[in-house]
Amino acid sequence: MKKKTILSYVIAAALLLGMAVLFGACGSSESEAPQWPAMDQITSVAASDISSIKYLRSTEGGVEGDTVTDATQIEDIYLRLKEVAITGESEMAVDDDGLSLGVTVGDETIGFAFEGDILVLDGGKRYEVENLSSLKGYIDGLVAKKAAEDAKRRPTEKPDKESSDEAYDIEKGASKRASESGDIVYIYFNDFMMIMPNNDKYSYEASGDSVTFSLWSAQQEGYGGNLVTIKAYDMDDDSYKDLPSYHVAGVGKNVNKRFIAIYPTDVQWNTEDATQTADYKDLSTYLEKIGEGAVNSPLKTADSSDEE
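Residues numbered from 1 in each chain as written. Predicted model: local features only at pLDDT ≥ 70, side-chain atom pairs only at ≥ 80, totals over all residues. Heavy atoms only, no water.

1. What to know about helix H3 (residues 71-82)
Think of an α-helix as 3.6 residues a turn; residues three or four steps apart then line up on the same face. Along its twelve residues, H3 runs 16 Å from first to last C-alpha, staying within 8% of the 16 Å computed at 1.5 Å per residue. Regarding H3, the residues found buried are Ile74, Ile77, Tyr78, Arg80 and Leu81. At the N-terminal boundary of H3, the capping side chain belongs to aspartate 70, with an oxygen 3.1 Å from the backbone nitrogen of threonine 72. (Helix = DSSP H or I, 4+ residues; strand = E, 2+ residues; numbered from the N terminus. Expected span 1.5 Å × (residues − 1). Buried < 20%, exposed > 50% of the residue type's maximum accessible area, 1.4 Å probe, protein only. Polar contact = N/O pair within 3.5 Å; in protein donor to acceptor, adjacent residues only side chain to side chain.)

2. Some points on the nonpolar core
Residues Leu101, Phe112 and Phe114 are the most contacted members of the largest nonpolar core, which totals 32 residues. Listing elements by their share of this core, those giving two or more residues are helix H2 (37-43), strand S1 (50-59), H3, strand S4 (98-105), strand S5 (108-115), strand S7 (126-130) and helix H4 (133-153). What phenylalanine 114 contacts, discounting residues up to four positions off in sequence, is Trp36, Leu81, Val84, Asp97, Gly98, Leu99, Leu119, Val129, Leu132 and Leu135. In this structure, Met194, Val211, Phe259 and Ala261 belong to the second largest nonpolar core, which totals 29 residues. (Core = buried A, V, L, I, M, F, W, Y, C linked by side-chain atoms within 4.5 Å. Contact = heavy atoms within 4.5 Å.)

3. Considering the environment of aspartate 236
Relative to the helices and strands, aspartate 236 resides in the loop between strand S13 (226-234) and strand S14 (246-252). Exposure remark for aspartate 236: the relative accessible area of 71% places this residue in the exposed category. Sequence-wise, aspartate 236 and lysine 257 are 21 residues apart; in three dimensions their C-alpha atoms are separated by 9.2 Å.

4. Remarks on the sheet that holds strand S2 (residues 62-68)
Across the sheet, which stays open at both edges, the seven strands sit in the order S2-S1-S4-S5-S6-S7-S3 with antiparallel pairing between neighbours. Pairing within the sheet leaves two strands with one partner each, and these edge strands are S2 and strand S3 (85-89). The mean inter-strand angle of the sheet, taken between neighbouring strand axes irrespective of direction, is 25°. Across four bridges, S3 lies against S7 in antiparallel orientation. Looking at the pairing, isoleucine 86 lines up with valine 129 of S7. Sitting on the sheet, H3 is in contact with S1, S2, S4 and S5, with an inclination near 65° to S1. (Pairing = 2+ DSSP bridges. Axes fitted to C-alpha atoms, helices over the stretch in contact; angles between N-to-C directions.)

5. A closer look at the confidence of the model for the chain
Scored by pLDDT, the chain has a mean of 83; 83% of the residues are at 70 or more. Residue range residues 9-13 is modelled with pLDDT below 50. Its contacts to residues more than four positions away, or to other chains, number zero contacts. Between residues 15-31, whose pLDDT stays under 50, and residues either more than four places distant or in other chains, the model counts zero contacts. (pLDDT = per-residue confidence, 0-100.)

6. A word on the pattern of salt bridges
Under the definition given, this model contains eight salt bridges. Close ionic contact of aspartate 279 with lysine 201 constitutes a salt bridge, the shortest N to O distance being 3.2 Å. One end of the pair, aspartate 279, is in helix H6 (residues 274-287); the other, lysine 201, is in the loop between strand S10 (192-197) and strand S11 (202-207), with 78 residues separating them in the sequence. Exposure remark for aspartate 279: the relative accessible area of 15% places this residue in the buried category. A salt bridge links lysine 257 to aspartate 234, with the nearest nitrogen and oxygen atoms 2.3 Å apart. With lysine 257 in strand S15 (residues 257-262) and aspartate 234 in strand S13, this residue pair connects regions lying 23 residues apart in the sequence. The class for aspartate 234 is partly exposed, based on a relative accessible area of 38%. Each of the salt bridges in this network shares a partner with another, and the network as a whole consists of Arg57, Asp97, Lys136 and Asp140. (Salt bridge = Lys/Arg side-chain N within 4 Å of Asp/Glu carboxyl O.)

Structure representation (structure tokens):
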């Protein structure tokens, strides 16, 4: 009787062990992390192994692209890319916010494709990701820098013999001066003026018919930092009405242009940095007051109220 009891325990233990192994295997299969071969390849190499990175950035304004070969820029992109992580499956699709990367290591190019905050894998599988904003912001900074460099390299076109009109240059006659109190600064552009706080928290970059104001710290860290873009439109051009976020700022009667304040629709700063968040929101709130006829508008044209 005693031997039979011991044998029964042995059989029962074996059955329980088998069931535990079976259910354990099933459970591990369900919680298995999604496969991301491209990221596995990237994390197995060093930034110095990468010879170039080609990017394509699509927004509502169109598609911009370039190939990065500078070692410092390659490392900046590489470190930000490695921080991107999958959080869960998704069925979402985004049309006007895309980023594609082609990372060349040796003879192989490793591809990455994102739509909004969605990773798109070969075969169409989609996953939500986190920590992507830093990478996208850095690429946006490269796009803006390239556009500015291209504009400077572009030869000045001679006016057509049949037309005496000159191409509008937003920087023509540009200057600035501080107020008597020293707390604000008047920045003069071609037929309009911006009244801004007199500090170094923001920067601005002008090119052609537009000027963009950015939060300096966010821009330098690769988050974009875009606060507002002032763009000059011909008086008969109402295409700005298709923009997702804008204010009509005023009319420059001397140059016959309508100025439009264009605002970003995505996050342009490091949300984990309390100081940067406060600085961005303060400047953004101030610049959102831009408006044609508004008494407290930071943008003034010749027919706006005079300086105080």
